[in-house]
Amino acid sequence: MTATLPRPAPVAASSGRRAPLRSKRRLEGLRFTAIALVSLVFAAPLVWMVLAAFKTNVQIGNPDNALVFSPTMQNFRTVFEQGVFLPAMVNSIIVALVSTALSALVAVPAAWAIGRFGMRRGGGWVLIARIIPAISLLVPWYYVFARLELVGGYTVLVLSHMFVSVPLITWIMIGFFEGLPVELEEAGRVDGLSAFGAFLRISLPLATAGTATACVLAAVFSWNNFIFALILSDETTKTLPVALFNFISYASVDWGGLMAASTLMSIPVVLAAVFGQRYLVAGLTAGATKG
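Residues numbered from 1 in each chain as written. Predicted model: local features only at pLDDT ≥ 70, side-chain atom pairs only at ≥ 80, totals over all residues. Heavy atoms only, no water.

## Here we look at the overall build of the protein chain
Filter applied, for reference: Labels follow the DSSP assignment, with helices taken as runs of H or I lasting at least four residues and strands as runs of E lasting at least two, numbered in each case from the N terminus. We call a residue buried when its accessible area falls under 20% of the maximum for its residue type, exposed when it is over 50%, and partly exposed in between, using a 1.4 Å probe and counting protein chains only. For this analysis, residues touch if any pair of their heavy atoms sits within 4.5 Å. Note on areas: these come from Shrake-Rupley sampling with a 1.4 Å probe, and a residue is covered only by the protein chains present in the view.
Counting secondary structure elements, the protein chain contains 14 helices and zero strands. Across the protein chain, helices and strands are ordered from the amino to the carboxyl terminus as α-α-α-α-α-α-α-α-α-α-α-α-α-α. Evaluated residue by residue, the protein chain yields a buried proportion of 35% over its 291 residues. The long-range share in the protein chain, meaning contacts at least 24 apart out of those at least 6 apart in sequence, stands at 72%. Approximately 17,900 Å² of the protein chain is accessible, and the part contributed by carbon and sulfur atoms is 70%.

## What to know about the pattern of salt bridges
The condition that has to hold: The salt bridge criterion pairs a side-chain nitrogen of Lys or Arg with a carboxyl oxygen of Asp or Glu, the two atoms within 4 Å.
For the coordinates displayed, the defined rule picks out two salt bridges. Of the charged contacts, one joins Glu185 and Arg116 as a salt bridge, the two residues approaching to 3.2 Å between their closest N and O atoms. Residue Glu185 is located in helix α8 (residues 182-190), and its partner Arg116 is located in helix α4 (residues 85-116); the two are separated by 69 residues in the primary sequence. Across the pair, exposure class does not vary: Glu185 and Arg116 are buried alike. One salt bridge connects Glu235 with Lys238, and the closest N-O pair in it is separated by 3.2 Å. Residue Lys238 is classed as buried on the basis of its relative accessible area of 9%.

## Details of helix α9 (residues 195-206)
Just so we agree on the cut-off: Under the convention used throughout, the expected extent of a helix is 1.5 Å for every residue step, that is, one less than its residue count.
Its 12 residues give α9 an end-to-end C-alpha distance of 16 Å, which sits within 8% of 16 Å, the value for a rise of 1.5 Å per residue. Of the residues making up α9, those classed as buried are Gly197, Ala198, Phe199, Ile202 and Ser203.

## A word on the packing of α4 against helix α10 (residues 208-224)
Short version of the rule: To get an axis, fit a line to the C-alpha atoms, keeping to the stretch in contact for a helix; angles then go from 0 to 180 degrees between the N-to-C directions. Just so you know how the angles are binned, under 35 degrees is roughly parallel, over 145 roughly antiparallel, 65 to 115 roughly perpendicular, and the rest oblique. Each crossing gets its hand from how the near helix is turned against the far one by less than a right angle, where anticlockwise is left-handed and clockwise is right-handed. All residues other than Ala, Val, Leu, Ile, Met, Phe, Trp, Tyr, Cys, Pro, Asp, Glu, Lys and Arg, Gly among them, are scored as polar; the first ten of these are nonpolar and the last four charged.
With their axes 9 Å apart at the nearest point, α4 and α10 run at an angle of 140° to one another. Taken together, α4 and α10 sit at an angle that is classed as oblique. As for the relative orientation of α4 and α10, their crossing is right-handed in sense. For the pair formed by α4 and α10, the contact residues are Met89, Ser92, Ile93, Val95, Ala96, Ser99, Thr100, Ala104 and Val108 on the first element and Thr211, Cys215, Ala218, Ala219, Ser222 and Trp223 on the second. Each residue belonging to the contact of α4 with α10 can be placed in one class, and the counts come to 10 nonpolar, five polar and no charged.

## Some thoughts on the nonpolar core
Here is the rule: For our purposes a nonpolar core is just a set of buried Ala, Val, Leu, Ile, Met, Phe, Trp, Tyr and Cys residues, chained together by side-chain atoms within 4.5 Å.
Grouped together as the largest cluster of nonpolar side chains are 23 residues, with contacts concentrated most on Val108, Ile169, Met173 and Phe177. Breaking this core down by element, the ones donating at least two residues are α4, α7 (154-179) and α10. Counting residues per element, this core draws most heavily on α7, at 10 residues. Within the second largest apolar cluster, 19 residues are counted, among which are Ile60, Ala88, Ala243 and Ala260.

## Re the environment of Asn225
Note the cut-off: Counted as a polar contact is a pair of N or O atoms within 3.5 Å, where, for protein atoms, one must be capable of donating a hydrogen and the other of accepting one, and residues adjacent in sequence contribute only when both atoms are in side chains.
Checked against the element boundaries, Asn225 lands in the loop between α10 and α11 (227-232). Given a relative accessible area of 8%, Asn225 falls into the buried group. Apart from the residues lying within four places of it in its own chain, the contact partners of Asn225 are His161, Thr239 and Pro241. Of note is the side chain of Asn225, whose polar atom sits 3.2 Å from the backbone nitrogen of Phe228.

## Things to note about the packing of aromatic side chains
Our working rule: Two rings from Phe, Tyr or Trp (for Trp, the six-membered ring) form a pair when their centres sit within 6.5 Å of each other. Planes less than 30 degrees apart are called stacked, planes more than 60 degrees apart edge-to-face, and all others tilted. The rule is short: NZ of Lys or CZ of Arg within 6 Å of the ring centre and within 35 degrees of the ring normal puts a charge over the ring.
In the structure shown here, the tally under the stated rule is eight aromatic pairs. With 5.8 Å between their ring centres and 75° between their planes, Phe80 and Phe85 make a pair best called edge-to-face. For Phe85, a relative accessible area of 5% corresponds to the buried category. Geometrically, the ring pair formed by Phe196 and Phe199 is tilted, given 5.4 Å between the ring centres and 40° between the ring planes. Of this pair, Phe196 and Phe199 both sit in helix α9, three residues apart, which is roughly one turn of that helix. The rings of Trp112, Phe177, Phe196 and Phe199 are connected pair by pair, giving a single aromatic cluster. Looking at Lys55, its charged tip hangs above the ring of Phe69, at a distance of 4.9 Å from the centre.

Purely geometric numbers; function is a separate question.
Have a look at this one:
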C-alpha cells in the first residue's frame, strides 16, 4: 500500500493575497481622510457665511452662538429693502452674459486656428496675456475710456472683462482642437467645405463640451469680478461685488447684511458648480488629455 501524504494548507498564498488588500484599504482610508480634510478647509468659510446670514451682529460676534442660535430673516429683508441688490444683480447678469458671449465669439475661432495650424507663438502670446495682472492695466484703461467718455457704462465693463475671458477661453480650447482628428476636417474639405466651413460644421460641434466649460469659467470670473467694476462703473451700472460695499461704512460693518448678500450672490455659482460638475470635469479633462 502506498501512503498519501496530506496536502499542506495554502497559508502563505492566502497571507500573500491579504497583504496587498490591506495596503489598498489603508491607501483608500488615507485618501478619504485627505479629501475630507481638504473639503472641510474649503467648506468651512462657506458654512460660516451661510450661518452668519441668519444671525444678528451680536450673535455673529459671540462664540457661544457659533452653532446654536435663533435664526432670523432680518438680514435678507435688509438686503432687499435697500433697493440696490436687485439692480446690481441685473447688471452682473448683463455684463457676464455679454462679455462671455463676445469672448467666445472671438476666442473659439482663434483657438481653432492656433491648434489646427500649429501657431505655437500665438499660443505663447495668449499665455502671456493670461499671466499679466489685469489690475496693472486699470490706470491706462481708465484714462483711455475716460477720454472716450465710456466710463460708467456697460461697454467699458464688458471690454475689461473680455481682457481676461478671451485668453482664458482661448487657452482652454486650444487643447480641444489639437485633440480632434484632422482627418475629419480633411474629409469635409474633400466634400467641398472651406477651411472655416469645416471648423463650423465639424470641429465646433465636436468641441461643444469644451466650449461650454470655458464659457462657464469665464462667466464665473465675470460674476465674481470686483476691481474692474469698482473703478469703471457708476451708480447705475455697478455689479454685485461692488454693491456689497453698501454694508460697509466708515464706523461699522453690517456683518449680517453683508453675509446675507454674499450668500445670495453665491447661489448661482454654487448651483452651476453642483449641476454642471460632471460636464465641467469632463470638459477640462478632455481638453487636458487629448492630443
